[in-house]
Amino acid sequence: MERFTFFWRTESPFSQWHPCRFVIAGISFNCAEQYMMYMKAISFEDNKMADKILGSHSPSEQKRLGRSVSNFSADQWQLVCKQIVYDANYAKFTQNPELRTRLLATSGTTIVEASPDDRIWGIGLAEDHPHARNRSKWRGTNWLGEILTQLREDLSQ
């Protein structure tokens, strides 16, 4: 029987909004959401928005700014977004040993973003929903959970 590690809120180290410092390509980020939204802007050549995202300290504002990226194409974003989120989390968990320890402690489970509001990165259900423990009844894709589960396996080797 499949076992799960559920998370959702910012307090969880698995949240994109969890505060932590990491550096990629010489640029410092305050959370994985900031990197994701920054790279979204860079991917669509919106340097003005990229600068605004880097200047923001709030994940909710970073997300809001990311929704305003010029020249955005959902089809193009889908081609790169998972790798961008993987890269952010790789840096986050390899540059912060206490977070890496927390990630590796989930061994033997599938990591699941139990967000009732997110059907792309999460499962579209809260952890306490009766269907949350049945993958076939999830309302979302759990992309973030899949990425974190894969990252954990990669770091365990």
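Small disclaimer: the values here were computed from a predicted structure and weren't measured.

Parameters and conventions
- Residues numbered from 1 in each chain as written.
- Predicted model: local features only at pLDDT ≥ 70, side-chain atom pairs only at ≥ 80, totals over all residues.
- Heavy atoms only, no water.
- Helix = DSSP H or I, 4+ residues; strand = E, 2+ residues; numbered from the N terminus.
- Buried < 20%, exposed > 50% of the residue type's maximum accessible area, 1.4 Å probe, protein only.
- Contact = heavy atoms within 4.5 Å.
- Polar contact = N/O pair within 3.5 Å; in protein donor to acceptor, adjacent residues only side chain to side chain.
- 1 Å grid on protein atoms, 1.4 Å probe; cavity = no way out; pocket = protein on both sides within 12 Å on 5 of 7 lines; lining within 4 Å.
- Points joined across faces, edges and corners; volume = space filled by probe spheres on them.
- Nonpolar A, V, L, I, M, F, W, Y, C, P; charged D, E, K, R; others polar.
- Salt bridge = Lys/Arg side-chain N within 4 Å of Asp/Glu carboxyl O.

Asks: So what exactly am I meant to see when it comes to the environment of His18 here?
Replies: Looking at where His18 falls in the secondary structure, it is placed in the loop between β1 (4-7) and β2 (22-24). Taking relative accessible area as the criterion, His18 reaches 14% and is therefore assigned buried. For the pair formed by His18 and Phe29, sequence separation is eleven residues and the distance between their alpha carbons is 11 Å. Every residue in contact with His18, bar those within four places of it in the chain, is listed here: Thr10, Glu11, Ser12, Pro13, Asn30, Cys31, Lys92 and Leu99. One polar contact links the side chain of His18 to the main-chain carbonyl oxygen of Thr10, over a distance of 3.0 Å. Side-chain polar atoms of His18 contact the backbone oxygen of Glu11, separated by 3.3 Å.

Asks: Would you mind showing me how to read unusual backbone geometry here?
Replies: Trans is the prevailing form of peptide bonds, just as negative phi is the prevailing case for residues other than glycine. You will see that Asn71, though not glycine, has its phi angle at about 60°, which is positive. Along the polypeptide, Asn71 turns up in the loop between α3 (59-66) and α4 (74-95). Backbone geometry at Asn142 places phi at a positive 60°, although glycine is not the residue there.

Asks: Explain the layout of surface pockets here, please?
Replies: Think of a ball as big as a water molecule: rolled over the atoms, this probe shows where empty space is left. If you add up the space inside the largest pocket, you get close to 720 Å³. Around the largest pocket, the lining is made up of 27 residues, and of these Glu33, Lys63, Arg67, Asp118 and Trp121 lie nearest the centre. Only α1 (32-43), α4 and α6 (143-156) provide two or more residues apiece to the lining of the largest pocket. Here the lining of the largest pocket gets five residues from one element, more than from any other, and that element is α4. Its residues placed into classes, the lining of the largest pocket shows 13 nonpolar, five polar and nine charged.

Asks: Would you explain the pattern of salt bridges in this entry?
Replies: A pair can form between side chains of opposite charge whenever their charged atoms are brought close. Across all of its chains, the model carries three salt bridges by this definition. Across the pair Glu61 and Arg64 runs a salt bridge, and its minimum N-O distance is 3.6 Å. Note that Glu61 and Arg64 are positioned in helix α3 at a spacing of three residues, about one turn of the helix. Classification of Arg64 as partly exposed rests on a relative accessible area of 47%.

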